Amino acid sequence: MAEEVKKQRTPPDPNSAKYKLGKIAADAYKDAIAAKERGEKVAWVSSNFPVEIPETMGIATVYPENQAAGIAARGAGTRMCEEAEADGYSNDICAYARISMAYAKLKSCPEQDVAMPDVLLCCNNICNCMIKWYENLSRDLSVPLIMLDIPFNPDDEVSDAQVAYVKGQFLDAIKRLEDITGKKWSDEKFQEVMENSCRTSRAWLAATAMARYTPSPFNGFDLLNHMAVMVTARGKPEAAEAMETLLKEYQENHETGKSTFRAEEKYRIMFEGIACWPWLRVTSTGLKGRGINMVTTIYADAFGFDYDSFDNMIRAYCKVPNAINLETARDKRVKLCKDNSVEGLLVHTNRSCKLWSGFMPEMSRQIGAECGIPVVSFDGDQADPRNFSEAQYDTRVQGLAEIMDSRKGGKTA
């Protein structure tokens, strides 16, 4: 019998943006575990808590939302959600929270283990579910909670009064972290972290803006994979370097007529909402198979912060998408649609994220009217696979494709 020849996988290019970004994301978990083993304090942090604070102080961090997304993407969402539900947590609660509460109980999950926390850092500029989630973590794990309250802003700009209110909390959080960890704040180090954070953000936003070219030099689902670094590590110099590499690659793709979207780009859409991590491949291929490229999403751009002072950093965190009024949030999305020649809007009605999904019917209606594009929604969940129907998703995407095709004067097969 002839010896079977096995196809060798091409090793990843260590100079590529994909490799660099993947390594940064993986190293964040390893670094926290190593810090814990050295006897250092580890913080669990909500995604829109100012990363610059623990980064400046050299505190190892874990982001439970990223961990939950990774667990869900690797197929353990149902198992972990059911573990939390068995303890009385309703399946109406955010799936990230349920997975996190299950992990706090089990302290292990082969799909993504992390270092356990010594302090919790939470900010409610995402949603008020974060408050109860982190309060329960604090209670169950007997660790202190530092909470930042950033009020919903009904106005177009962030007032000086709001900055003063939030700044007092930022300064108090720093003092409490000094007391808990024994590490000290340094204004000089903050300047360095601020420069790295803004450098990372500028490169990231410039990279996402490359979708303005037709065809786009990237598959929009790339953004969902790369954005983990924007959440957890944007204050690090290696994150800035990796994002600049990503931007360079997208620029080269445009100049050479290449793209990471491995199909003919027939239609261009905006994806609204958090990704369905357990069904990422299904949602991606369901679009690609019809020549639909998701070229933009507010979810990715939301983690790009550019500022020039401590006070303006505060203003940036007061203007994240879920903390601003409907009109301002709508206008940001309309700009993305127009800048990137979007032909349709696909809305994820996310059972886990009721704040985000709650205002989307009206907002998406206004976006569709302003941009003259069709709007289609599907039911799903960011981490609980039980709340997604592949058949429904396929039907909705097919309908969106038919509408976009008819507007181009074509005929969908």
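As a reminder, the structure under discussion sits directly above these lines.
Reading the values: rules and limits
- Residues numbered from 1 in each chain as written.
- Predicted model: local features only at pLDDT ≥ 70, side-chain atom pairs only at ≥ 80, totals over all residues.
- Heavy atoms only, no water.
- Pairing = 2+ DSSP bridges.
- Helix = DSSP H or I, 4+ residues; strand = E, 2+ residues; numbered from the N terminus.
- Axes fitted to C-alpha atoms, helices over the stretch in contact; angles between N-to-C directions.
- Core = buried A, V, L, I, M, F, W, Y, C linked by side-chain atoms within 4.5 Å.
- Buried < 20%, exposed > 50% of the residue type's maximum accessible area, 1.4 Å probe, protein only.
- Contact = heavy atoms within 4.5 Å.
- Expected span 1.5 Å × (residues − 1).
- Right-handed = clockwise from strand over helix to strand, strands pointing away.
- Arc of directions from axis to C-beta.
- Polar contact = N/O pair within 3.5 Å; in protein donor to acceptor, adjacent residues only side chain to side chain.

Q: Just checking my understanding: could you explain the sheet that holds strand β5 (residues 267–272) for this structure?
A: The strands making up a sheet associate through backbone hydrogen bonding, with each pair oriented either parallel or antiparallel. As summarised here, the arrangement of the four strands in space is β6-β5-β7-β8, forming an open sheet in which the pairing is parallel. Only two strands of the sheet have a single neighbouring strand rather than two, namely β6 (292–296) and β8 (375–380). Here the average twist between neighbouring strands, direction ignored, is 35 degrees. Two elements, β5 and strand β7 (residues 344–350), share four bridges in a ladder whose sense is parallel.

Q: Would you explain the nonpolar core in this entry?
A: A general tendency of soluble globular proteins is for nonpolar side chains to be buried together. Ranked by size, the top nonpolar core spans 141 residues in total, and within it Y96, W277 and L346 carry the most contacts. Ranked by residue count, the leading element in this core is helix α5 (residues 95–106), at eight residues. Apart from residues no more than four positions distant in its own chain, L346 is found in contact with I269, M270, F271, E272, L287, V376, F378, Y393, V397 and L400.

Q: Honestly, helix α10 (residues 237–256) in this entry has me stumped. Any pointers?
A: Helical geometry: 3.6 residues make up each α-helical turn, so side chains three or four residues apart lie on a common side. Taking 1.5 Å as the rise per residue, α10 with 20 residues should run 28 Å; its terminal C-alpha atoms sit 29 Å apart, in good agreement. Every buried residue of α10 is listed here: A239, A240, A242, M243, T245, L246, L247, Y250 and N253. On its buried face, α10 is in contact with α1 (17–37), α8 (187–208) and α9 (221–232). Positioned one or two residues after α10, G257 has a phi angle of 75 degrees, which is positive.

Q: Got a minute to help me understand the pairing of β6 in this structure?
A: Regular strands show a simple pattern: their side chains alternate between the two faces of the sheet. The element β6 is largely enclosed, with a buried count of five among its five residues. Where β5 lies against β6, four bridges are found, and the strand directions are parallel. From the neighbouring strand, Y267 faces β6, where its bridge partner is I292. What joins β5 to β6 is helix α11 (residues 280–288), and the crossover it makes is right-handed.

Q: I would appreciate a short explanation of helix α13 (residues 310–317) in the present structure.
A: Buried within α13 are the following residues: F310, M313, I314, A316 and Y317. An end-on view of α13 places all buried positions within 155 degrees of arc, on one side of the element. Taken together, the buried residues of α13 touch α2 (52–57), α7 (160–181) and α8.

Q: Would you take a moment to explain the sheet that holds strand β1 (residues 42–45) for this structure?
A: Read across the sheet, four strands follow the order β2-β1-β3-β4 without closing on themselves; strand pairing throughout is parallel. Each edge of the open sheet is held by one strand with a lone partner, namely β2 (60–62) and β4 (145–148). Neighbouring strand axes in the sheet, compared pairwise and without regard to direction, differ in orientation by 25 degrees on average. Pairing analysis gives three bridges linking β1 to β2, with the strands arranged parallel. Looking across to β2, one finds that V42 is bridged to A60.

Q: What is the right way to read the environment of F359 from this model?
A: With respect to the element layout, F359 can be found in the loop between α15 (354–358) and α16 (360–371). Aside from chain neighbours lying at most four places away, what touches F359 is N322 and L326.

Q: I tried to follow the side chain of S216 on my own but got confused; where do I start?
A: In this structure, S216 sits in the loop between α8 and α9. You can call S216 buried: its relative accessible area is 1%. A polar atom in the side chain of S216 sits 2.9 Å from the backbone oxygen of F218. The residues contacting S216, other than those within four sequence positions of it, are A211, S259, E265, R268, N293 and V295.

Without other data, these values stay purely geometric and don't point to any function.
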